[in-house]
Amino acid sequence: MVAHKDLMLFRYSIEIIPVDTGVGRVPTGKRAKRVIELLVEEHFSEHKNSIATDYKSNLICRSELPIDEEGYLVRYRSEDEDEPSQNAKAYRLRLQSTGTLAVSELMDYLTSSHASTLFGSKDEIIQALNIVMGHHPKSASNIFSVGANKHFELAPAAFETMSLGGGLQAIRGFFISVRSATCRILLNVQVKHAACYEEGLLGPLISTYLSHNDRNMVRLATFLKRVRVRVTHIIRKNREGREIFRIKTITGLATPGDGHGLQYPPIVPKFAAGAKEVKFHLGSPEGQPSTSQPSASQQSSAGKKGKKGKKPIKEGPEPPGGGYISVYDFFQRSKVSAYPRVLETMVNASASPRHHYHGSQYACYQCWNSAEPIVFTTRRLRCLAWPA
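Residues numbered from 1 in each chain as written. Predicted model: local features only at pLDDT ≥ 70, side-chain atom pairs only at ≥ 80, totals over all residues. Heavy atoms only, no water.

A. Structural detail: the overall build of the chain. Scanning the chain from terminus to terminus reveals 7 helices and 21 strands. The long-range fraction of contacts in the chain, counting pairs at least 24 apart against all pairs at least 6 apart in sequence, stands at 62%. Entry remark: accessible area of the chain is about 21600 Å², with carbon and sulfur atoms responsible for 49%. (Helix = DSSP H or I, 4+ residues; strand = E, 2+ residues; numbered from the N terminus. Contact = heavy atoms within 4.5 Å. Areas by Shrake-Rupley, 256 points an atom, 1.4 Å probe, with all protein chains shown as cover.)

B. Structural context of the nonpolar core. Core analysis: the biggest nonpolar cluster contains 22 residues, and Ile16, Leu59 and Leu93 have the highest contact counts within it. Counting only elements with at least two residues in this core, the list comes to β1 (8-18), α1 (29-43), β3 (58-61), β4 (72-75) and β5 (90-102). In terms of residue count, α1 provides more of this core than any other element does, 6 residues in total. Apart from the residues lying within four places of it in its own chain, the contact partners of Ile16 are Val26, Pro27, Ala32, Val35, Ile36, Tyr91, Arg92 and Leu93. Counting 18 residues, the second largest nonpolar core, distinct from the first, contains Ala52, Leu110, Leu129 and Met133. (Core = buried A, V, L, I, M, F, W, Y, C linked by side-chain atoms within 4.5 Å. Buried < 20%, exposed > 50% of the residue type's maximum accessible area, 1.4 Å probe, protein only.)

C. Local environment of the side chain of Asp54. Along the chain, Asp54 turns up in the loop between β2 (51-53) and β3. Looking at Asp54, its side chain comes within polar contact range of the main-chain nitrogen of Lys56, at 3.0 Å. In this structure the side chain of Asp54 is engaged in a polar contact, spanning 3.0 Å, whose partner is the backbone nitrogen of Asn58. Those residues in contact with Asp54, other than ones at most four positions away along the chain, are Ile131 and Lys138. (Polar contact = N/O pair within 3.5 Å; in protein donor to acceptor, adjacent residues only side chain to side chain.)

D. Geometry of the pairing of β1. With 11 bridges joining them, β1 and β5 adopt antiparallel strand pairing. Bridged to Met8 within β5 is Ala102. Of the strand pairs in this sheet, β1 and β3 are connected by 4 bridges, and their pairing is antiparallel. Note that in β3 the partner of Arg11 across the bridge is Ile60. (Pairing = 2+ DSSP bridges.)

E. Representation of the pairing of strand β9 (residues 168-181) within the structure. With 12 of 14 residues buried, β9 lies mostly within the body of the structure. Pairing of strand β7 (residues 150-153) with β9, which is carried by 3 bridges, proceeds in the antiparallel orientation. From the neighbouring strand, Lys150 faces β9, where its bridge partner is Phe175. With antiparallel pairing between neighbouring strands as the criterion, strand β8 (residues 161-165) and β9 make up a hairpin whose turn holds 2 residues, including Gly166 at a positive phi of roughly 70°. Here β9 runs beside strand β10 (residues 184-197); their pairing, made up of 14 bridges, is antiparallel. Within the sheet, the bridge partner assigned to Arg172 lies in β10 and is His193. Hairpin connection from β9 to β10: 2 residues lie between these consecutive antiparallel strands, with Cys183 at a positive phi of about 70°.

Here is the structure:
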């Protein structure tokens, strides 16, 4: 690895503060990554090609940034949304300079003939170079990352995948890290493998898993927990005509205790009940939604009003009436032309006391941590390189 002798890296710490501290919480994971992407896009667009970040708490730039001591206001929106929704969460991001790193000092230390010489900034420079080298694969839309340094392609070629059975497949990616050596800096690249959920419809995945596990519903709940899914019965598009994906996270299967404490909790007769068995409360017979248990479509459209005379955006079907109704009957009687599939088991995709039950399509490569070790016989490594 060759570094320019005059390369200076300006390092900044990132602090994300919810504007409404009484309700919001500090975002993590994918939401934190998106918030930092919006920070760079909206406030440092002219420095975009000179910035690298770990999308957590550190930002590296080749030039010194003009920092606003008051911070930067960012309203959350997904990648395909043209503008934030009216009820979008707002965050204030503060950048603080944590030092300037000279790569030439590290090279001087590595080439020094005095082995006993101490260099206090060595680890800091190595960390900064790791952030720089990992920035592109973490930013690319066709690559997903596991941890800090493992990266995998979202649509790998057939020779880079292998079915593991039971709804899992192995895919091949790479691990990168910057290391110091005698008289030089090394870029370590290794082939890595990960077990991931197979992409496709959720229904067939459930059927495949149950057929390999004696139809054990408790194991199924563990298998599906925290899987990110894309619901497809409601489709929204941006101005360019691209679909705005609606991503949910499965928290478990339908359970009799769901909605405990609500005025109108959902009716779930048994664990892992199906679409014809699970019932939820729509509201009063006059069509007014219940204040304690609105439907999923009413929740998503609440508070979203159009601009200057435009009608509010409706993200779901009109409810057929008040009272309790099964998930199956709701879609049969609503304006949705076709329900994707009546699942034998309803999944609960909600992180709040209000539960949303879905039969949906999912598209992700979320790693399965409990998979057995994987062995590939092929030696070819497909390089997922970053631009020069």
